[in-house]
Structure formats: structure tokens, C-alpha cells
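# Report on the structure
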Amino acid sequence: MTKNKRLIDWVNQWANLFEPDNIHWCDGTEQENQRILDDMVASGVAVKLNEEKKPNSYYFQTDPSDVARVENRTFICSKTKEDAGHTNNWVAPDIMKETMRKIYKGAMKGRTMYVIPFSMGPYGSDKSYIGVEITDSPYVVVHMKIMTRMGKRALDILGENGEFIPCIHSIGVPLKEGEKDVKWPCRPIEEKYICQFPETKEIWAYGSGYGGNALLGKKCFALRIASVLGKEEGWLAEHMLILGITNLKGEKKYIAAAFPSACGKTNLAMLIPTTPGWKVETVGDDIAWMKFGEDGRLWAINPENGFFGVVPQTSMDTNPNAFVSIQKNTLYTNVGLTPDKDVWWEGIGWDCPEGTLDWKNKVYDKNSGEPCAQSNSRFTAPIAQCPVADKAFEDPIGVPISAILFGGRRQSTIPLVYEANNWNHGVMIGSVIGSEITSAVIGLKEGELRHDPFAMKPFCGYNMGDYFQHWVNIGKDADQDKLPKIFCVNWFRKEEGKWLWPGYGENSRVLAYIFDRCNSEDIAQDSPIGKIPKDGAINIEGLDPKNVDIKAAMKIDKEEWGREIQTIDSFYSEFGERFPMELKQELNKLKDRFKQ
Ligand code: O2Y
Ligand code: MN
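Given the structure is predicted, the values throughout are model-derived calculations rather than measurements.

Our next topic: unusual backbone geometry. With a phi close to 65°, Ala262 is a non-glycine residue in the positive phi region. Structurally, Ala262 can be placed in the loop between β13 (252-258) and α9 (265-269). Residue Gln313 is not a glycine yet carries a positive backbone phi of 75°. As for its position among the elements, Gln313 is in the loop between β17 (306-310) and α10 (320-325).

Here's what the structure looks like:
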């Protein structure tokens with residue numbers, strides 16, 4: 001398969017520790033994928049869905065303890081605790097490696113060790129990186145086949161001397177001779193480990209077979225390790241969607257956007273504009289890698305090849321493009337399984353068929369008060385299947401970014417849209433985004449703001465204060481006229497319990513305003529918080545006045561902002577020494593503007 005000595009030695013060294021029964025080098029072919037899926041169906045790990053209803057699609061149920069990313073078991077193992085920063089869990093690399101070598105010893109006995117070569121980003125792009133994941137989970141293999149560009153071509157790019165990001169994964173459940181496997185082998189939560197080693201750019205994971213914990217190309221590599229590569233090499237690895245937007249005249253621009261979870265990121269990436277004649281196309285729904293081009297602009301690629309989206313509430317009403325994307329060649333995890341081997345979930349748009357099995361494999365009882373589909377149940381589908389997939393998604397050069405959006409779920413204070421006065425002001429906006437929590441968890445009161453800077457809190461592979469500084473530095477060295485403009489958006493503002501903006505496709509009206517601002521149209525005016533639309537600059541023609549109050553949605557309330565500034569002050573004070581003075585200055589400027 002390969003003449004890359006470093007890779008061969010590395011695989012052999014891990015095989016010696018893991019002691020698998022077999023080693024399988026993945027070539028990425030359809031035949032290989034089909035064989036692995038057929039084996040999983042034969043052993044009861046997967047169900048082949050009804051070929052007429054969901055062609056070439058498969059269904060999985062996980063162990064009830066293995067349903068989501070485990071942030072409390074995710075570690076940044078930098079040499080010093082300071083380098084990981086207070087937003088990350090930290091264990092020293094040698095200590096973590098000692099612990100993990102012990103649990104890795106013999107962990108693949110009775111199983112096959114798969115070697116998955118993959119490219120994050122289009123093959124051959126100067127923005128792409130090669131990784132190799134070792135795993136004992138066939139579920140991971142078939143998901144990596146969709147989520148990354150996987151197989152022999154990645155090895156060809158590596159050649160004899162190429163470098164790769166080493167990604168190690170074991171579910172941690174060896175089999176004794178003759179022992180029957182369970183459907184979803186994994187370790188209990190407190191025994192799971194998701195470790196990133198930023199200095200050596202390694203990923204070691206153990207105990208979970210699910211999503212971000214096990215598909216190591218995604219959050220571990222494309223965000224945590226890539227954020228470190230970006231800092232070292234002068235680029236940005238971000239938790240951002242990328243969309244292309246075309247106006248009535250056929251002019252096209254690209255926008256990247258970061259939101260904390262549950263703000264409708266996938267919906268925005270696939271939005272169907274209500275603004276006549278405008279078009280939105282999807283480059284990516286989750287991750288953006290952005291590097292400066294020779295022309296001084298920031299160019300972005302989506303390093304992924306698939307969507308790993310939340311299923312519940314996905315329907316022809318909420319997100320038709322996502323819904324169409326997942327009608328074939330799709331892997332479903334933890335949704336309901338109907339008697340005719342189709343899938344069902346809450347919010348799909350029709351009643352649950354009698355006899356449907358819930359995600360725990362029990363006949364679903366509508367009156368149980370429990371959901372049929374687990375709340376973090378997922379679809380995995382190729383981006384190419386999206387009806388509005390942007391052709392440039394395959395372009396190795398990427399797309400030039402004109403605007404960066406930051407947002408959160410905020411009932412008050414933050415207007416529908418405003419624009420940063422300059423790059424550093426935009427960095428400040430990104431650094432303080434967050435959502436108000438809807439139920440009291442982890443010591444916060446309902447309605448209290450949970451900060452999620454740049455939507456990167458769980459995904460930054462190093463000290464978050466240094467990350468802010470990196471963003472500042474990116475702007476410092478750039479041609480200011482060529483940098484993307486930065487905006488803050490808030491679709492979720494309410495007054496007396498009523499939404500002030502209709503959201504969904506109507507958000508295209510805000511995107512149209514942003515588009516025109518990127519052409520420097522004179523449609524914005526100064527305010528204490530930044531540039532806001534002049535009266536009438538956001539087109540609300542045709543909207544039902546019952547569903548929109550643009551004045552209230554755009555209101556800047558001095559008292560609310562007084563509280564906001566206090567919150568920012570106290571949030572910034574968490575960072576101690578490793579915090580850019582440029583952001584302190586921006587905060588002071590914001591305070592001053594309110595005094596004028
Ligand atoms: O729970 C998981 O393992 C998936 S988390 C995820 C998946 C796709 C896109 N984004 C996320 C996220 O947590 O941001
Ligand atoms: Mn995400």
C-alpha cells in the first residue's frame with residue numbers, strides 16, 4: 001500500500017501495543033466500504049435500510065452511555081498547563097501517554113485494526129493536510145469514508161517521505177477467544193479519553209465509538225490540532241460554516257460564520273433565500289480553514305467531505321436541503337427505526353408509525369414522555385448530495401471570504417445585525433459570543449450567558465488568550481482593505497416573549513445587507529456598538545408585520561449594554577496575563593463610545 005517508512009513503522013509499533021487479530025489498510029474503494037457494511041449488518045451492528053425508501057443507507061444504535069462528545073474527558077496535553085489555558089482540561093503529555101499506553105495494551109485483541117489514510121481538504125490542495133487514523137471500529141471506517149477524502153489517494157500524496165497527523169483510536173474492548181461481541185462496545189464515560197498533544201500534533205482517543213470522540217479527522221484534527229498548526233503557520237482553523245451567496249445581478253461572495261451550538265448553523269449554511277433572485281450555496285456547515293492567498297485575501301476550504309448533522313427537527317419545512325441530502329447513501333445513528341426499515345425522528349413532519357423502535361431498540365411508546373430519537377442523533381451524508389452544494393467545495397484553492405459572521409442565541413441586548421469598526425473590534429465581538437442557556441445546567445442559572453468565544457471553547461487546541469492574540473496578529477499583518485468585514489448577528493431577539501425577527505429563509509434579508517456592505521454601499525451608520533444599518537437598509541418588504549419589529553430588533557439599549565460591558569469585563573478577567581492588550585483597548589473604546 002505504501003513505501004512511507006515512517007508510516008509503516010508507526011503502524012507496526014501500534015499493532016505491537018494493540019495486539020489486533022488482523023490489520024486492514026483501507027484503500028477507500030466502494031467494494032471495501034460495502035464489505036465492511038455487509039459484515040456489520042451480518043453481525044447485527046448495522047441495519048440496512050429499506051432500499052426503496054433510503055437507497056444504500058444504514059442504521060446504527062449506540063450504547064446509551066456513548067451518545068455525544070465528552071468534553072469533561074477531552075484533554076489538551078501540552079507541556080504546561082498554561083499552554084492549554086483555563087478553558088481546557090489538561091494533563092502533562094508524558095503522564096497521559098503512560099496512562100494511555102497501559103489501557104491501549106492489548107486493547108484490540110480479537111478485533112481488526114484498520115489503518116485509514118485520509119485527507120482533510122480536497123486532495124492535493126496547499127490548504128489540505130493528510131492524517132492517518134488507526135481504529136478498531138468498523139463504524140468509524142464507514143463514517144470516515146463519508147466525512148473525509150479517504151483511501152489510497154491519501155497514501156499516494158504522502159509518498160515515501162510525506163508527513164501525516166497520527167490519529168489513534170480504540171474503543172477499548174478487547175475480545176477473548178470465542179467471546180461474542182456486544183452491539184456497541186465502548187468504555188464507561190469516566191474511562192473515556194480524547195487527547196490532543198499540541199506540540200507533537202498527535203491525537204490519542206479511547207473508550208468511545210461516537211462522533212467527535214472517534215471520527216478523529218473532525219473536531220480533534222480539523223479544529224484542535226489544526227488550530228495549533230494555524231497559530232504556528234499563520235492561518236485560521238475555525239468552527240465556521242462557509243456559504244456562497246449570489247445576488248440578483250449574479251455577483252457572488254463567500255461568507256464564513258461561527259455560532260455556538262443550537263443556533264441553526266446547518267440551516268444557515270443551506271438557507272433558501274426569500275429575497276427574490278438571490279441564491280445561497282453550501283461549501284461547509286461546520287469547519288473552515290482560512291489562509292491568505294497571494295492576492296492578500298483570506299481563502300477558505302471546508303476540510304470535510306460530509307455532514308454529521310443533528311437529526312431531530314430536520315424536515316422539509318425546517319431545512320429542505322438537508323432533508324434531501326439525507327435520502328440516500330446516508331448513515332443514521334440513534335434515530336427511530338420503523339417496521340418497514342425506514343427512519344423516524346421528532347420533527348420529521350409526520351406521525352411515528354406504529355411499531356417503530358426507539359434509539360434504545362424498544363418499541364416506541366408515544367406516551368412515555370421520552371423521545372424516539374436521541375436528542376444528539378446524527379445523519380452522516382456526503383456534502384456532494386446537498387442540492388445546493390457549492391461547486392467550489394471541491395476547489396483546491398478554496399473560496400475568498402468577504403465577510404465573517406459571529407452570532408449567538410440572545411433574547412436581548414444584541415441587535416439583529418451590526419458591523420465591527422475594524423478587525424480588532426471584530427475580534428472582540430468574536431471573543432464574547434455566547435448563548436443564554438435555556439435550562440439550568442453546570443452551575444449557571446436559566447437565562448444566564450454562557451460564553452463560547454468564536455464558538456471554539458471546546459475546540460481550541462491551546463490557550464484561548466493566545467488564540468485571541470493570534471486573531472489580532474492575523475489582522476495586523478494583513479492588507480486592511482482585503483480583510484473580510486466582521487459582523488455580529490442575532491436571529492433570536494425577543495420582546496415580551498415574542499420573536500422580533502422571523503428567522504429561517506428571511507435571514508437572507510440580513511445576508512443581502514451584509515453582501516451590499518461588502519461592496520461598501522453607503523447603507524450603514526455609526527453607533528456606540530459599531531456600524532448599524534441605516535433606516536430602510538434591511539429590506540423588510542413583504543414580511544408580515546406580525547412577525548417582524550425591525551426597530552425593536554435593532555434597538556441599542558444603554559442599560560442592557562451597561563450590563564453587557566460588565567459581563568465582558570468579568571469574562572475577560574478570567575484570562576489573566578495571556579490576553580491581548582488590543583482587546584482591552586477595544587473594550588475601553590466601547591465603554592468610551594457609550595459615554596459620548
Ligand atoms: O456529539 C458529537 O460527537 C458530534 S458534535 C458535532 C458534530 C457535527 C458538528 N458539530 C458538532 C459540535 O459539537 O460542534
Ligand atoms: Mn460543530
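Turning next to the site of ligand 1. Close contacts around ligand 1 come from 13 residues, with Arg69, Gly212, Lys219, Asn376 and Arg378 the closest. Taking Lys219, its side chain carries an N or O atom lying 3.0 Å from an oxygen atom of ligand 1. Asp286 is positioned with one of its side-chain polar atoms (N or O) 3.3 Å from a nitrogen atom of ligand 1. Contact with the protein chains removes 88% of the 360 Å² of surface that ligand 1 exposes when unbound. Every element with two or more residues in the shell around ligand 1 is listed here: α7 (211-214) and α8 (217-233). Considered class by class, the residues forming the shell around ligand 1 number four nonpolar, four polar and five charged. Residues lining the shell around ligand 1 come from more than one domain, with at least three contributed by each of domain 1 (5-44 + 69-233) and domain 2 (237-306 + 390-595).

With respect to burial, helix α11 (residues 423-431) is a largely interior element, eight of its nine residues being buried. Every buried residue of α11 is listed here: Trp423, His425, Gly426, Val427, Met428, Ile429, Gly430 and Ser431. A side-chain oxygen of the first residue of α11 lies 3.2 Å from the backbone nitrogen of Asn424; this N-cap is Asn422.

Tracing the sequence through the fold places Arg73 in the loop between β3 (58-60) and β4 (74-76). Summary of buried charges: Arg73 has no salt-bridge partner, and the nearest side chain of opposite charge, Glu190, is 7.3 Å away. Setting aside residues no more than four positions away along its own chain, Arg73 makes contact with Asn89, Ile189, Glu190, Lys192, Tyr193 and Ile194.

Before going further, it helps to examine the pairing of strand β21 (residues 378-382). The side chains of a regular strand alternate between both faces of the sheet. The element β21 is extensively covered by neighbouring structure, given that five of its five residues are classed as buried. Both faces of β21 are covered, namely the face carrying Arg378, Thr380 and Pro382 and the face carrying Phe379 and Ala381. Looking at chain direction, strand β18 (residues 331-333) and β21 are connected through three bridges and run antiparallel. Residue pairing for β21: Leu331 is matched across the bridge by Thr380.

Parsing the protein into structural domains produces domain 1 (5-44 + 69-233) and domain 2 (237-306 + 390-595). Measuring from the centre of the C-alpha atoms in domain 1 to the corresponding centre in domain 2 gives 33 Å. At the junction of the two partners, domain 1 supplies 36 residues and domain 2 supplies 32 residues. Here domain 1 and domain 2 share an interface that buries about 3,000 Å² over both sides, 55% of which is from carbon and sulfur atoms. For domain 1, the biggest contributors to the area lost against domain 2 are Lys127, Arg149 and Leu223; these three give 22% of the whole. One can count six salt bridges joining domain 1 with domain 2.

In this section: empty space enclosed by the protein. Per the counting criterion, the structure on display carries one cavity of 30 Å³ or more. Computed from the structure, the largest cavity encloses a volume of approximately 150 Å³. Lining the largest cavity are 17 residues, and of these Ile414, Tyr418, Val432, Cys488 and Glu564 lie nearest its centre. Mapped by element, the contributors of at least two residues to the lining of the largest cavity are α11 and α15 (558-573). Here the residues of the lining of the largest cavity are counted per class, giving 11 nonpolar, four polar and two charged.

With respect to topology, five strands assemble into an open sheet ordered β2-β3-β18-β21-β17, the strand pairing being mixed. A strand with exactly one partner marks an edge of an open sheet, and here the two such strands are β2 (46-48) and β17. Each strand axis lies, on average, 20° off the axis of its neighbour in the sheet, ignoring direction.

This model, assessed by the stated rule, comprises 43 salt bridges. Arg493 is the partner of Glu560 in a salt bridge, and the nearest nitrogen-oxygen pair spans 3.4 Å. On the criterion of sequence distance, the pair formed by Glu560 in helix α15 and Arg493 in the loop between β26 (485-489) and β27 (494-495) is long-range, its members being 67 residues apart. When sorted by exposure, Glu560 lands in the same class as Arg493, which is buried. Asp522 is the salt-bridge partner of Lys534, the closest N and O atoms lying 3.1 Å from each other. In this pair, Lys534 is assigned in the loop between β30 (530-533) and α14 (550-553) and Asp522 in the loop between α13 (507-518) and β29 (524-527), connecting sequence segments 12 residues apart.

Turning next to the nonpolar core. Ranked by size, the top nonpolar core spans 164 residues in total, and within it Phe60, Trp289, Met290, Trp345, Phe406, Trp471 and Ile514 carry the most contacts. Examining the composition of this core, we find that eight residues originate from one element, α8, more than from any other. The residues that make up this core include at least three from each of domain 1 (5-44 + 69-233) and domain 2 (237-306 + 390-595). Those residues in contact with Trp471 that lie beyond four places of it in its chain are Leu236, Glu238, Met240, Ile404, Phe406, Trp423, Val427 and Phe454. Of all hydrophobic cores here, the second largest spans 30 residues; its members include Cys77, Met100, Met108 and Val115.

Inspection of every chain in the model, using the stated rule, returns 39 aromatic pairs. Here Trp14 and Tyr104 contribute two aromatic rings whose centre-to-centre distance is 5.6 Å and whose plane-to-plane angle is 85°, an arrangement assigned as edge-to-face. Here Trp14, found in helix α1 (residues 5-18), pairs with Tyr104, found in helix α4 (residues 93-104); they are 90 residues apart in sequence, far enough to count as distant. The two residues Trp14 and Tyr104 agree in class, both being buried. Both rings, one in Phe454 and one in Tyr467, keep their centres 5.1 Å apart while their planes meet at 90°; by these two values the pair is edge-to-face. Here Tyr467 lies in helix α12 (residues 464-476) and Phe454 lies in the loop between β25 (449-451) and α12, a separation of 13 residues in the sequence. The pair formed by Phe454 and Tyr467 is uniform in burial state, with each residue classed as buried. Cluster of aromatic residues (ring-pair linked, three or more members): Phe406, Trp423, Phe454, Tyr462, Tyr467, Phe468, Trp471, Phe571, Tyr572, Phe575 and Phe579. Geometry around Tyr193 places Arg73 over its ring, the cationic atom sitting 4.7 Å from the centre.

Residue pairs three or four apart in sequence face the same way in an α-helix, which turns once every 3.6 residues. In a regular helix each residue adds 1.5 Å, so 13 residues correspond to 18 Å; helix α2 (residues 30-42) covers 18 Å between its end C-alpha atoms and thus fits that length. Taken together, the buried positions of α2 are occupied by Glu32, Asn33, Ile36, Leu37 and Met40. Buried residues in α2, looked at end-on, bunch into an arc of 130°, giving them a common side. In α2, the exposed positions that point more than 90 degrees away from the buried face belong to Glu30, Gln31, Asp39 and Ala42. Against β1 (22-25), β2, β3, β5 (112-120), α5 (138-147) and β18 lie the buried residues of α2.

Definitions and limits used
Residues numbered from 1 in each chain as written. Chains lettered and ligands numbered in written order. Predicted model: local features only at pLDDT ≥ 70, side-chain atom pairs only at ≥ 80, totals over all residues. Heavy atoms only, no water. Helix = DSSP H or I, 4+ residues; strand = E, 2+ residues; numbered from the N terminus. Near = heavy atom within 4 Å. Polar contact = N/O pair within 3.5 Å; in protein donor to acceptor, adjacent residues only side chain to side chain. Areas by Shrake-Rupley, 256 points an atom, 1.4 Å probe, with all protein chains shown as cover. Nonpolar A, V, L, I, M, F, W, Y, C, P; charged D, E, K, R; others polar. Domains from an automatic or database assignment. Buried < 20%, exposed > 50% of the residue type's maximum accessible area, 1.4 Å probe, protein only. Lys, Arg positive; Asp, Glu negative; His and termini not counted. Salt bridge = Lys/Arg side-chain N within 4 Å of Asp/Glu carboxyl O. Contact = heavy atoms within 4.5 Å. Pairing = 2+ DSSP bridges. Buried area = accessible area lost by both parts, 1.4 Å probe. 1 Å grid on protein atoms, 1.4 Å probe; cavity = no way out; pocket = protein on both sides within 12 Å on 5 of 7 lines; lining within 4 Å. Points joined across faces, edges and corners; volume = space filled by probe spheres on them. Axes fitted to C-alpha atoms, helices over the stretch in contact; angles between N-to-C directions. Core = buried A, V, L, I, M, F, W, Y, C linked by side-chain atoms within 4.5 Å. Phe/Tyr/Trp six-rings, centres within 6.5 Å; stacked < 30°, edge-to-face > 60°. Lys NZ or Arg CZ within 6 Å of the ring centre and 35° of its normal. Expected span 1.5 Å × (residues − 1). Arc of directions from axis to C-beta.

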